[in-house]
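Residues per chain are reported as follows:
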Amino acid sequence: MSSTNDPSSDDEGPLLIAPKPVRVQPTFLESENTKTEKLLMSSADGGFLTVQRAHDWNTARISAPTSNAPFFSDEFGRHVHLRGVNICGQSKLPTAPLSISTHLPTPEFFNHRDISFIGRPFPLADADEHFLRLKGWGLTFVRLLVTWEALEHKGPGLYDEAFIDYLICILKKAEKHGIKCFIDPHQDTWSRFSGGSGAPGWTFEVAGMDITSFQSVGAAHVHNFNEEAKNPHMHWPTNYAKLACATMFTLFFAGHILAPNLTYKGQNVGSFLQEHYINCYTHLARRLKDCHAVVGFEFMNEPHYGYIGLANINKFDPMLFFHFGSFPSALQSFALGSGMEIEVDFYIKSWPAPSRKSGTRVLNSMKRSAWLNYGDFHQIRKRHGVWQVNPKTGAPEILKPNYFVTNPATGEPIEFYKDFYMPMVKRYKNAIKAVRSDHLIFFEPIPNEDPPELDEEDREEPNYVYAPHWYDLKALLTKSFDGLVTFDVQGLARGTKNVLTAMYFGLAGAEANYTGQMRNIVNTGKRLVGHRAVLMGECGIPMDINEKQAYSTGNYNTHNNFLDTVIRSMETNLLNFTLWNYNPGNDNTFGDHWNGEDFRFRPLEGDPNHFHHVGGRALDAVIRPYASKVAGTPIHSRFNLENLIYTLEFTTSINSSNARQSISDIRNRMRETRDDTYNKRFCSEIFVPNFHYKFEDMKLIVTVSDGEWKYDQEKQSLEFWLRGWWIGEASTDFIDAVEFWRE
């Protein structure tokens, strides 16, 4: 870390010194496994280092500082970078009595109490194989989907202890392989019975709703029973505006304010649902208390406000609600649910607006009710005087147009995040941390919207993690990507760009586009939730793009380019992330077996010579080097898929007045000391995947700014050790650099 600059002469503050990395000729060391293969390499004086698996978190204690965005930390004070996957999409669906995929219409669908999720996310007998594969790919941080339905499907307060026992066995396997997890209480549009996943069927019964009626009355687009299920391209998000989902989210978050007269067993329905949700995941936290693989709990996947804040009961904002297919307004939904036959607008896909009106459709010709007991008494909005049927025209009409934007009791404006969402998150956080105080609590905004603004108390909460999601929404909705043109859908939706200014050309343009969108997410997060750890909880690409051509040709170059561009954009923003999704049950015909989605990148078959890589989708982009533990503050971490060069730059604070010790002195101290803090706090650990860097006659070329390094091919890890005797009271911020490639 030598420099011709004199740090002590800087009167303007810390000086950043960036010496040119020096190519170091490696010393080859004898392999730990065999005397014939040369699997270990090091700098001239780095042979004494003991390399750990950079991507192994078995003994790590991960924390989330409040002023160090976007990084996590470990017990040695190093900056931690977490990469992994969501496991898995099929965990949204039960395994018994049938493994019900959403393309299968079956009477078993409505048997919502006598079901089981044992076997999710995958059979226990296969767990070692899956976790070994993920470890081999360096994807060792898992967002583990556990739906409310999986835990409490039998009825309120009745937990499926057998499933939790199974889950503990899965988590013990994860711990064995050095994988950390956090629990994701996953939901999409509230529940399977409202066209998504998440909540148990009995939650509708508590609210007085009849799940068997939803398809007929237009209260939900349930793919299992929809006539267009064979072509289910992204219908399910429309459920956020439909009666079943919007009603349940409104009751869940604001039932005590917006439906105070609706009770179940003497308790307000909203309060009843909140209490059981928190109790359910608190019970799970207690059962998993001794599972060291678990680092925390998310509050809820992609929460939604339902009707809360809806200013126009006659119209949904197309920038906030995806209009597609038959799309009733809120008032029309109320009328349909009451048993009326209503003509509603019908939308088809378009661009630049994601959809456009293309006629109308008549819904509920059978005049079914969405309520278990037919009549006005059980229709929530009528009961609270929101609407009525005009006695002269027979048409529905609004009585209280501002009902969902003000507190009916006080007339004061209501705000979803401040009045409902964050108070619920706090209750959840307090309950989970009462079980284990070190648990991290992950939270996220409504998709494609800004997060809540935290108050001073919440900004000081050390274990909150900001966990937004990001996708290329145009590619997601159209299931297409050619790398020629991409659009900043975020800018279009927020009105900051028009079609021309939101257009980006080529892969370089796509990277600039995606990088800018993610930068906005990070910077907005810093402003509203503070400088805390950030994890991109979901990101990925649909694998069935371009009419699934790659499935027949085997050419995944477009997928590699697409996903590489997404991940490079996250690398530029130094983001932690969990990709969506690793799904062993995926196939080329029905994808993830849930609502027409197909995001799986896991392989179809094994390859003993190259760690189960054959048959994978876009693995060139998925499997990549990264610095998992950095003895300083990262400022640049980037992998170039074209030339396989990985570069890491980070700052450290040095004190040039400290005496320089000899390598032998340091080596002896490291061997003699039992203080891991001394040994580890100067070590940066980098995952070097054999997928890209283990080939016959291949050389790994390593350059470093200074310090010592050692590479262990079997452990897929490179350890870079700072000469810690320079580190002390900071007089200068120094840029350290590591770069490697293969020849």
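This text goes with the structure placed above it.
In this report, the structure presented in the accompanying data block is examined. (Residues numbered from 1 in each chain as written. Predicted model: local features only at pLDDT ≥ 70, side-chain atom pairs only at ≥ 80, totals over all residues. Heavy atoms only, no water.)

Of regular secondary structure, the protein possesses 20 helices and 31 strands. When the 743 residues of the protein are sorted by exposure, 61% land in the buried category. Within the protein, counting contacts between residues at least 6 apart in sequence, those at least 24 apart form 71% of the total. A total of about 28,300 Å² of accessible surface is found on the protein, and carbon and sulfur atoms cover 49% of it. (Helix = DSSP H or I, 4+ residues; strand = E, 2+ residues; numbered from the N terminus. Buried < 20%, exposed > 50% of the residue type's maximum accessible area, 1.4 Å probe, protein only. Contact = heavy atoms within 4.5 Å. Areas by Shrake-Rupley, 256 points an atom, 1.4 Å probe, with all protein chains shown as cover.)

Quick look at helix 14 (residues 506-529) now. Each turn of an α-helix holds 3.6 residues, which means side chains three or four residues apart point in the same direction. Under the 1.5 Å per step criterion, the end-to-end length of helix 14 is 34 Å for 24 residues, consistent within 8% with the ideal 34 Å. Looking one or two residues beyond helix 14, the residue adopting positive phi is G530, at roughly 100°. (Expected span 1.5 Å × (residues − 1).)

On to the sheet that holds strand 9 (residues 180-184), then. Read across the open sheet, the 8 strands follow the order 19-18-12-9-8-7-23-22; overall the sheet is parallel. Every interior strand has two partners, whereas the edge strands, strand 19 (464-466) and strand 22 (535-536), have only one. Docked against the sheet, helix 16 (residues 557-572) engages strand 7 (83-87), strand 22 and strand 23 (576-579), running at close to 160° with respect to strand 23. (Pairing = 2+ DSSP bridges. Axes fitted to C-alpha atoms, helices over the stretch in contact; angles between N-to-C directions.)

Okay, helix 1 (residues 127-136) next. A large share of helix 1 lies buried, amounting to 7 of its 10 residues. Along helix 1, the residues that are buried comprise A127, H130, F131, R133, L134, K135 and G136. Buried residues along helix 1 sit in contact with strand 7, helix 3 (161-176) and strand 27 (683-687). A positive phi of about 80° marks G138, the residue just after helix 1.

Here we come to empty space enclosed by the protein. For the coordinates displayed, the defined rule picks out 7 cavities of 30 Å³ or more. Volume-wise, the largest cavity comes out at about 90 Å³. Around the largest cavity, the lining residues are F71, H79, H81, R83, E571, L574, A627, V630, P634, S637 and L648. Elements supplying a minimum of two residues to the lining of the largest cavity: strand 24 (626-630) and strand 25 (633-640). (1 Å grid on protein atoms, 1.4 Å probe; cavity = no way out; pocket = protein on both sides within 12 Å on 5 of 7 lines; lining within 4 Å. Points joined across faces, edges and corners; volume = space filled by probe spheres on them.)

For the rest of this paragraph, the subject is the packing of helix 3 against helix 7 (residues 269-287). In contact at an axis separation of 11 Å, helix 3 and helix 7 are set at 45° when each is read in the N-to-C sense. For the element pair helix 3 / helix 7, the angle class is oblique. Helix 7 is crossed by helix 3, and the crossing has right-handed handedness. Contacts between helix 3 and helix 7 involve E161, I164, D165, L167 and I168 from the former and H283, L284 and R287 from the latter. (Parallel < 35°, antiparallel > 145°, perpendicular 65-115°, else oblique. Left-handed = near helix turned anticlockwise from the far one by under 90°.)

Our next topic: the packing of helix 14 against helix 16. The angle between the axes and the distance between the axes are what describe a pair of packed helices. Their axes nearest at 8 Å, the elements helix 14 and helix 16 cross at an angle of 45°. Classified by the interaxial angle, the pair formed by helix 14 and helix 16 is oblique. Crossing of helix 14 against helix 16: the hand is right-handed. Residues L507, A510, E511, Y514, T515 and M518 of helix 14 form the contact with helix 16, whose participating residues are N561, F562, T565, V566, R568, S569, M570 and T572.

Assignment of secondary structure puts S637 in strand 25. Polar side-chain contacts of S637 include one of 2.7 Å to the side chain of Y646. Beyond its immediate stretch of four places on either side in the chain, S637 contacts E571, L574, A627, Y646, T647 and L648. (Polar contact = N/O pair within 3.5 Å; in protein donor to acceptor, adjacent residues only side chain to side chain.)

On to the pattern of salt bridges, then. Taken as a whole and assessed by the stated rule, the structure comprises 35 salt bridges. For D128, the salt bridge goes to K173, with nearest N and O atoms at 2.9 Å. A residue pair is termed long-range when its members are at least 10 positions apart, and D128 in helix 1 and K173 in helix 3 qualify at 45 residues. In this structure K173 comes out as partly exposed when scored by relative accessible area, which is 21%. The partner of R617 in a salt bridge is D598, with the nearest N and O atoms 2.8 Å apart. (Salt bridge = Lys/Arg side-chain N within 4 Å of Asp/Glu carboxyl O.)

Attention now goes to the packing of aromatic side chains. This model, assessed by the stated rule, comprises 50 aromatic pairs. Residue placement shows R361 over the ring face of F346; its charged tip is 3.8 Å from the ring centre. (Phe/Tyr/Trp six-rings, centres within 6.5 Å; stacked < 30°, edge-to-face > 60°. Lys NZ or Arg CZ within 6 Å of the ring centre and 35° of its normal.)

Let us look at the state of the cysteines. If you walk through the whole model with that rule in mind, you get 0 disulfides. Just so you know, C181 is unpaired, no disulfide at all, and the nearest cysteine sulfur is the one on C291, 9.3 Å from it. When its relative accessible area of 1% is taken as the criterion, C181 is described as buried. (Disulfide = S-S within 2.5 Å.)

The next subject is the sheet that holds strand 15 (residues 355-363). Strand order in the open sheet formed by 3 strands is 13-14-15, and the pairing between neighbours is antiparallel. What marks the edges here is a single partner per strand, and that holds for strand 13 (325-327) and strand 15. Across this sheet, the average inter-strand angle for adjacent strands is 40°, counted without regard to direction. Pairing analysis gives 3 bridges linking strand 13 to strand 14 (residues 342-349), with the strands arranged antiparallel. Residue pairing for strand 14: S326 is matched across the bridge by F346.

Where nonpolar side chains cluster on the molecular surface, the patch consists of L484, V485 and F505 and spans about 310 Å² of accessible area. With respect to the secondary-structure elements, V485 resides in strand 20 (residues 485-487). V485 sits in the partly exposed class, given a relative accessible area of 33%. (Patch = residues over 30% accessible without salt bridge, like charges linked within 9 Å, V, L, I, M, F, W, Y side chains within 5 Å.)

Glancing now at unusual backbone geometry. Cis geometry marks the peptide bond from A69 to P70; its omega dihedral reads 0°. One can find P70 in the loop between strand 4 (40-42) and strand 5 (72-73). Residue W580 is joined to N581 through a cis peptide bond whose omega torsion reads -10°. By secondary structure assignment, the location of N581 is in the loop between strand 23 and helix 17 (619-622). For N546, which is not glycine, the phi dihedral falls at a positive 55°. Assignment of secondary structure puts N546 in the loop between strand 22 and helix 15 (549-553). Accessibility expressed as a relative area gives 22% for N546, which makes it partly exposed.

Any functional reading would require information that these geometric values do not contain.
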